[in-house]
Structures are given as C-alpha cells and as structure tokens.
Protein chains: 2
Amino acid sequence: MSKNIATDVEASLRGRISAGEWKPNGRLPPERDLAVEYGVARNTVRRALDALETDGAIKRHVGRGIFLNGGRGEIAEIVLRVTGVSPADLMAVRMIVEPQAASMAATNASRSDLDAIAEAHGLASEASETQLFEQWDAEFHQRIFAATRNELLISLHDILRIIRNRNAWIELKKKTFSENRRLDYCVHHGAILDALRNRSAQGAAAAMRDHMDAIQMTLFGRHQL
Amino acid sequence: MSKNIATDVEASLRGRISAGEWKPNGRLPPERDLAVEYGVARNTVRRALDALETDGAIKRHVGRGIFLNGGRGEIAEIVLRVTGVSPADLMAVRMIVEPQAASMAATNASRSDLDAIAEAHGLASEASETQLFEQWDAEFHQRIFAATRNELLISLHDILRIIRNRNAWIELKKKTFSENRRLDYCVHHGAILDALRNRSAQGAAAAMRDHMDAIQMTLFGRHQL
DNA sequence: GTACCTTGATCCAATCGTGTACCAATTAAA
DNA sequence: TTTAATTGGTACACGATTGGATCAAGGTAC
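Fair warning: this is a prediction, and the values are worked out from it, not measured in the lab.

**Q** Quick rundown of the pairing of strand 2 (residues 58-61) of chain B? Include the residues and the values.
**A** Side chains B:Ile58 and B:Arg60 of strand 2 of chain B all project onto a buried face; the interleaved residues B:Lys59 and B:His61 project onto a face where none is buried. Linking two consecutive strands that pair antiparallel, namely strand 2 of chain B and strand 3 (residues 65-68) of chain B, is a turn of three residues; a positive phi of about 80° is found at B:Gly63 within it.

Below you can see the structure in the form of structure tokens.
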C-alpha cells in the first residue's frame, strides 16, 4: 500500500469500525494485541490510534482500554460517508451553495478579492492545455468563496473541491468536455465577474446559477434530477 | 527532446501528474528511484523536481518523500478546523443551506420521512424541559435534511450540528431563549411541516427562511450581518 | 577556451518503524 | 485490603529510508 504503515493501520481500523466489528461504546483490543495482529510495532499502532482519537472516533483510558465513541455523527463517520457521495449529490449541493456564495461575495469582496478572481478568470481563458484550464477554473470558484469572508463557507467549498478531485468521475467530465464547452465556461465566468464588480448580489447569483446549470448539463445531459 | 535533460524529466513528470498517475496528496517515488527509472543522475531529477516545487505542484519533505499538492487538505482536518468558526459564519451558512434543503425535502421526502419529521415536531412542541426541546428541535432539522435523500447535504448538516453542539456560544442562545421564542419556533416548525406535506418546495423554503430569520434575530438581534 | 549541463560521489538532516524499558491508572484476584 | 496483572502513556536508542547540499570530473555547444 502506501509508504506509511501507520496510515495503513489507521485506514484498516476505520474500515473495521465502520463495518461494525465493534459495537458503539464497545471496547477495542489492547494496543499490544493490535500490534501483534497487524504484525507491527506497538508504537506504530499508537500513531494510528492517535489519528482516530483526534477524529473523535475512539477514546482511550489508561488501564481500561480503547473504546468506540458511541456518539452519533462523529467526524470520522462523516468523512467516510462524504468521500463516497455520488456526482449527482455533489452537483445538487453545488447548485445550492455556489450561487449564494457568489451573492455573498458580491457584497463582501474587497478590491483585491475581485482582482484575484479576475486573475483566475484571465489565466483560465488563456490556458493552452485542458489541465491548466481546469486548475484555474477551480481557482476561480475557490477565490469567489474566499471573497465571501465566511470561514465556514470556504471550508465547505474545500470539502466539495476535494470530493470533486478525488472521485473518478472527473473522467466523465473529461469525456464530455469540448473546446466549445470551455469557451462557454469562460463566458459564464466573465458574466459572474462583471456582476461581482457591479456589486450586484442577485446578478452574481443568477450568473452563477446559469453556470451551474451548464455544468450539470455537460455532466448529466439534464437540468434537474 | 531538448538539449536539457532536466527540462525533459520535468515535462515528463508534469505529464504523468496531469495524467493522474498519482492521486492528489499522493506520494511520488523517491528521487533515487526516479533517477534510476529515467536513467539519469539524482541531481538531474532534483533540478526537475525543483521546478515542480516552485510551481507548487509538489511538496518535498526530508525523510518522508515527495507529495502531490492536490487537495486543500484532508477532509478530517477541515472538519476539525471548522469546529471553531464564529456563530455569525455558521448562521450565514444555515441561512443558505436550510431553506434549500427544505425545498428539496418537499419534493423528495417519502411518506415515512414526513412522519418522522412530524414526530420530531410533535415531541418538540410537547417537551417540558428546555434541554428536551432543543434535542427534538435539532432532530426536526436533522430529519428534514435526511428527507432530501442527498448524502452530501446530510453530511454537511451533520457538520453544522457538530459545530453548534461543540461551541460554547450555545450559552448565548440559552440566555436569549424565552418561553415566548420557543412557542414561535414551534409555530415555524408547523408551517414548514405543512409546506412539506403540501409538496410545496417554494413554501417550505420560505417557511424555513422565516424560521432562520427568527433564529438569527434571537441570537444577534438583527437580520443581516 | 569558456560556459553550462550532467554525472557520480559524499555527507548531513529529518522522518519512520522497531524494540525496549519504565511509569501510571485501572481492574481483578488473593 | 493488599497484591498482581492488565493496559495505555512516555521516552529513548537503533537502523533504514529519504530529501538537502556540496564538490569534483567529464561532456557538449558556442
């Protein structure tokens, strides 16, 4: 697998936990036993358990053992669930969040925020390779969220971006991606940028909605689920 | 081929990266291995990697290896970081997401979904203690998100709920919370439920927006930031 | 020849996994 | 109650891996 044995053990334990091998609030085997089971040093197991503990997945007590955190909606569970969402679900959330973010950016963006967004738009338009275009396309959206000045919203978009990058359905996008579509996207970006510069919240939201519609159309060939 | 071997290696690596040979945040082979693979000296590989590093394409760590600069960070890190955001930021995001979730729930909710939402509404209305009311209040919103049938949206709401539970500014809410407000909230919940039962997407969104407005008013004494 | 690149080699520093030992808290047995 | 066993917490040393830095020698183009 990967280079980090501790990371592998961590992933394995996450899998076994989510698979229900131990009950909520149940007790995991002692560190020493886990070390023997995985055939690694106890320190390595401890590093893996450290990660699980910071996630809130487990709780450790000296002399007692390691216990699953029964509390529902733990972060580890969310991470597992979130990494496997479908493209359709992701697009639905983008349809909700991105226009509103554009609207918020229109009112909150600073002069330098707008310049940064314009820069991303320009570099995406001039990009020679598809790879480069997609990078600046993502950066364009990223900087709009940054302009909202809402930390939570920015982080949520980070999550969306990671999901988009991680899943193999990017291939879907590449297949259906044509030079024509790319030009459309640039036009959309230009319209969004204009609305932001005009401080038109509703205009920015509407332009972003059009853009999202186009992306949805490109990906799925339809506008609504 | 150009006269510069380092440039060739750099171009090759760029190609392999954009081709997706390694995942975002994935690990590249060690410099020594790459040198063997390309049949060049390690110093030459290092020059190529220097260019990639200044571009921000990769990140190098002594003793660990070379890593792709893919995502903005792992999801778990983001979620952990996000638990410290301000109440204002959180409310702004709720203002965006909750009405849209209600709208989506109106079209996607099954009969049992509606029953579950109604149950939470009923138990919240009848709750004797503030503690109990808040539990069923949270459950009401939770079940609306569940009714959207969008896993990502559900997960996002889980994150919002964790933030709400973890932070101390719940105290703020308790201070400004009166029996009067609580009755208002129940009325709002009832209006939302009616709209959901009528399958009125716009009505559910509007009712939820009113509810969010009231919460914002309770927390901050104003409607907008 | 001069300038630049490549190569090969060497050493340093950071990280990781391992192994070992001991401490502290808890539980179970005597 | 006292004692022993179990278990997580901490610390250190060792070897292997890996990137960081430098130097000298050889090759190529101008």
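**Q** Before we move on, can you summarise the protein's contact with DNA strand D with the specific residues and values?
**A** In the neighbourhood of DNA strand D, 26 residues make up the surrounding shell, with A:Glu31, A:Arg42, A:Arg46, B:Glu31 and B:Arg46 lying closest. Considering DNA strand D, the proportion of its atoms within 4 Å of the protein that are sugar or phosphate atoms stands at 56%. Side-chain polar atom of A:Arg42 to a base nitrogen of DNA strand D: 2.8 Å apart, as the coordinates give it. Within the backbone of B:Gly63, one N or O atom sits 3.4 Å away from a base oxygen of DNA strand D. Mapped onto the surface near DNA strand D, the elements with two or more residues apiece are helix 2 (31-38), helix 3 (42-55), strand 2 (58-61) and strand 3 (65-68) of chain A together with helix 2 (31-38), helix 3 (42-55), strand 2 and strand 3 of chain B. For the surface near DNA strand D, the per-class residue count stands at six nonpolar, eight polar and twelve charged.

**Q** Describe in detail helix 1 (residues 5-18) of chain A, supporting the description with residues and values.
**A** Residues separated by three or four positions in an α-helix point in the same direction, a consequence of the helix having 3.6 residues per turn. All names here are of chain A. The end-to-end C-alpha distance of helix 1, which contains 14 residues, comes to 20 Å, matching closely the 20 Å that a straight helix rising 1.5 Å per residue would cover. Inspection of helix 1 places Ala6, Val9, Glu10, Leu13, Arg14, Arg16 and Ile17 among the buried residues, and these make up the whole buried set. Buried residues of helix 1 fall within an arc of 165° about the axis and therefore sit on the same side. Looking at the residues trailing helix 1, positive phi occurs at Gly20, about 85°.

**Q** Tell me about the side chain of A:Thr148, and please be specific about residues and values.
**A** All names here are of chain A. With respect to the helices and strands, the residue Thr148 is situated in the loop between helix 7 (130-147) and helix 8 (151-166). Polar contacts involving the side chain of Thr148 include one to the main-chain carbonyl oxygen of Phe145, which spans 2.5 Å. With residues near it in sequence (within four places) discarded, Thr148 still touches Ala101, Met104, Ala105, Asn108, Leu153 and Ile154.

**Q** So what's going on with the interface of chain A and chain B? Residues and values would help.
**A** The interface of chain A with chain B comprises 39 residues on the first partner and 41 residues on the second. Along the contact surface separating chain A from chain B lie zero salt bridges. Applying the counting criterion to the chain A and chain B interface returns four residue pairs in polar contact (both at pLDDT 80 or more). Counting only elements with at least two residues in the side of chain A that touches chain B, the list comes to helix 3, helix 4 (75-82), helix 5 (87-108), helix 7 and helix 8 of chain A. Examining the composition of the side of chain A that touches chain B, we find that 13 residues originate from one element, helix 8 of chain A, more than from any other. Residues belonging to the side of chain A that touches chain B are distributed by class as follows: 18 nonpolar, nine polar and twelve charged.

**Q** Residues and numbers for the pattern of salt bridges, please.
**A** All names here are of chain A. Tallied over the entire structure, the rule returns 30 salt bridges over all chains. Close ionic contact of Arg46 with Glu31 constitutes a salt bridge, the shortest N to O distance being 2.7 Å. Remark: Glu31 occurs in helix 2 and Arg46 occurs in helix 3; sequence separation between them is 15 residues. Judged by relative accessible area, which is 31%, Arg46 ranks as partly exposed. The network of salt bridges with shared partners includes Glu31, Arg42, Arg46, Asp50, Glu53 and Arg60.

**Q** A description of the protein's contact with DNA strand C should follow, citing residues and the corresponding values.
**A** Every one of the 23 residues lining DNA strand C counts as a neighbour, but A:Asn43, A:Thr44, B:Ile5, B:Asn43 and B:Thr44 are closest to it. A:Ala41 places a polar main-chain atom, nitrogen or oxygen, 3.0 Å from a phosphate oxygen of DNA strand C. When residues of the surface near DNA strand C are traced back to their parent elements, those giving at least two are helix 1 and helix 3 of chain A together with helix 1 (5-18) and helix 3 of chain B. With four residues, helix 3 of chain A is the largest single contributor of residues to the surface near DNA strand C. Among the residues forming the surface near DNA strand C, the class breakdown is ten nonpolar, eight polar and five charged.

**Q** So, the nonpolar core: which residues are in play, and what are the values?
**A** Grouped together as the largest cluster of nonpolar side chains are 35 residues, with contacts concentrated most on A:Leu152, A:Leu153, A:Ile159, B:Leu152, B:Leu153 and B:Ile159. Those elements that place two or more of their residues in this core are helix 4, helix 5 and helix 8 of chain A together with helix 4 (75-82), helix 5 (87-108) and helix 8 (151-166) of chain B.

**Q** Kindly report on helix 1 of chain B, identifying the contributing residues and their values.
**A** For helix 1 of chain B, the full list of buried residues reads B:Ala6, B:Val9, B:Glu10, B:Leu13, B:Arg16 and B:Ile17. Looking at the packing, one finds that the buried side of helix 1 of chain B touches helix 2, helix 3, strand 2 and strand 3 of chain B.

**Q** Please set out the pairing of strand 3 of chain A residue by residue, giving values where relevant.
**A** All names here are of chain A. When strand 1 (residues 27-28) meets strand 3, the two strands line up antiparallel, connected through two bridges. Bridge pairing links Leu28 to Ile66 in strand 3. Examined bridge by bridge, strand 2 and strand 3 share four bridges and lie antiparallel to one another. Bridge pairing in strand 3 places Arg60 opposite Ile66.

Parameters at a glance
Residues numbered from 1 in each chain as written. Chains lettered and ligands numbered in written order. Predicted model: local features only at pLDDT ≥ 70, side-chain atom pairs only at ≥ 80, totals over all residues. Heavy atoms only, no water. Buried < 20%, exposed > 50% of the residue type's maximum accessible area, 1.4 Å probe, protein only. Helix = DSSP H or I, 4+ residues; strand = E, 2+ residues; numbered from the N terminus. Pairing = 2+ DSSP bridges. Near = heavy atom within 4 Å. Polar contact = N/O pair within 3.5 Å; in protein donor to acceptor, adjacent residues only side chain to side chain. Nonpolar A, V, L, I, M, F, W, Y, C, P; charged D, E, K, R; others polar. Expected span 1.5 Å × (residues − 1). Arc of directions from axis to C-beta. Contact = heavy atoms within 4.5 Å. Salt bridge = Lys/Arg side-chain N within 4 Å of Asp/Glu carboxyl O. Core = buried A, V, L, I, M, F, W, Y, C linked by side-chain atoms within 4.5 Å.

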